[in-house]
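Residue-level structure breakdown
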Amino acid sequence: MTYSQRLSDGVNSSDIIYLEHQIGTTKEELRIALEKQETYKREWSELESSPIGKASTDDSDKQVLMEKASDTQNRIKTLSEQLEQLQESLAKLGD
């Protein structure tokens, strides 16, 4: 159902605009989180391939990187779930 069809069915346009804005914002946040995840993967690969001579520094760097990657993965999961809920809410308004 198109935006104008939803409006003609008596749905409050501000609800639709709000949900569409939230969906756009959430998609952008998800895109950024996915980019961060790729950066952390790249950094992890670089640490894995670094010379063994600085192992103690690498270990602490790896720990920090693992924590960041875990936090980002949790953020991606949360944003994905939020996006799905917003899209479902928007679809319900269209029904």
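Use the structure listed above.
Let's shift gears to helix α2 (residues 13-48). With 36 residues, α2 extends 52 Å between its outermost C-alpha atoms, agreeing within 8% with the 52 Å of an ideal straight helix rising 1.5 Å per residue. Taken together, the buried positions of α2 are occupied by Ile-16, Leu-19, Ile-23, Thr-26, Leu-30, Ala-33, Gln-37, Tyr-40 and Leu-47.

A word on the pattern of salt bridges. Here the structure, examined in full by the defined rule, presents five salt bridges. The shortest N-O distance in the salt bridge between Arg-31 and Glu-28 comes to 2.4 Å. You can see Arg-31 and its partner Glu-28 sitting in helix α2, three residues apart, about one turn around the helix. With relative accessibility at 36%, the residue Glu-28 sits in the partly exposed group. When salt bridges that share partners are traced, they join Glu-28, Arg-31 and Glu-35 into one network.

Moving on: the nonpolar core. Ile-16, Leu-19, Ile-23, Leu-30, Ala-33, Ile-76, Leu-79, Leu-83, Leu-86 and Leu-90 form the largest nonpolar core, which has ten residues in total. Counting residues per element, the ones that place at least two in this core are α2 and α3 (55-94). In this structure, Leu-79 is in contact with Thr-26, Glu-29, Leu-30 and Ala-33, ignoring residues within four places of it in sequence.

In this section: the side chain of Gln-37. Within the secondary structure layout, Gln-37 lies in helix α2. Under the relative-accessibility criterion, Gln-37 is labelled buried at 17%. At a separation of 2.4 Å, a polar atom in the side chain of Gln-37 contacts the side chain of Gln-73. Not counting the four nearest positions on each side in its chain, Gln-37 is found in contact with Thr-72, Gln-73 and Ile-76.

This brings us to the environment of Leu-47. Within the fold, Leu-47 resides in helix α2. Residue classification places Leu-47 among the buried residues on the basis of a relative accessible area of 14%. Each C-alpha atom, one on Leu-47 and one on Lys-62, is 7.2 Å from the other, the two residues being 15 residues apart in sequence.

Once that is clear, we can look at the side chain of Thr-26. Here Thr-26 is to be found in helix α2. When neighbours within four sequence positions are excluded, Thr-26 is seen to be in contact with Leu-79, Gln-82, Leu-83 and Leu-86.

How each quantity is defined
- Residues numbered from 1 in each chain as written.
- Predicted model: local features only at pLDDT ≥ 70, side-chain atom pairs only at ≥ 80, totals over all residues.
- Heavy atoms only, no water.
- Helix = DSSP H or I, 4+ residues; strand = E, 2+ residues; numbered from the N terminus.
- Expected span 1.5 Å × (residues − 1).
- Buried < 20%, exposed > 50% of the residue type's maximum accessible area, 1.4 Å probe, protein only.
- Salt bridge = Lys/Arg side-chain N within 4 Å of Asp/Glu carboxyl O.
- Core = buried A, V, L, I, M, F, W, Y, C linked by side-chain atoms within 4.5 Å.
- Contact = heavy atoms within 4.5 Å.
- Polar contact = N/O pair within 3.5 Å; in protein donor to acceptor, adjacent residues only side chain to side chain.

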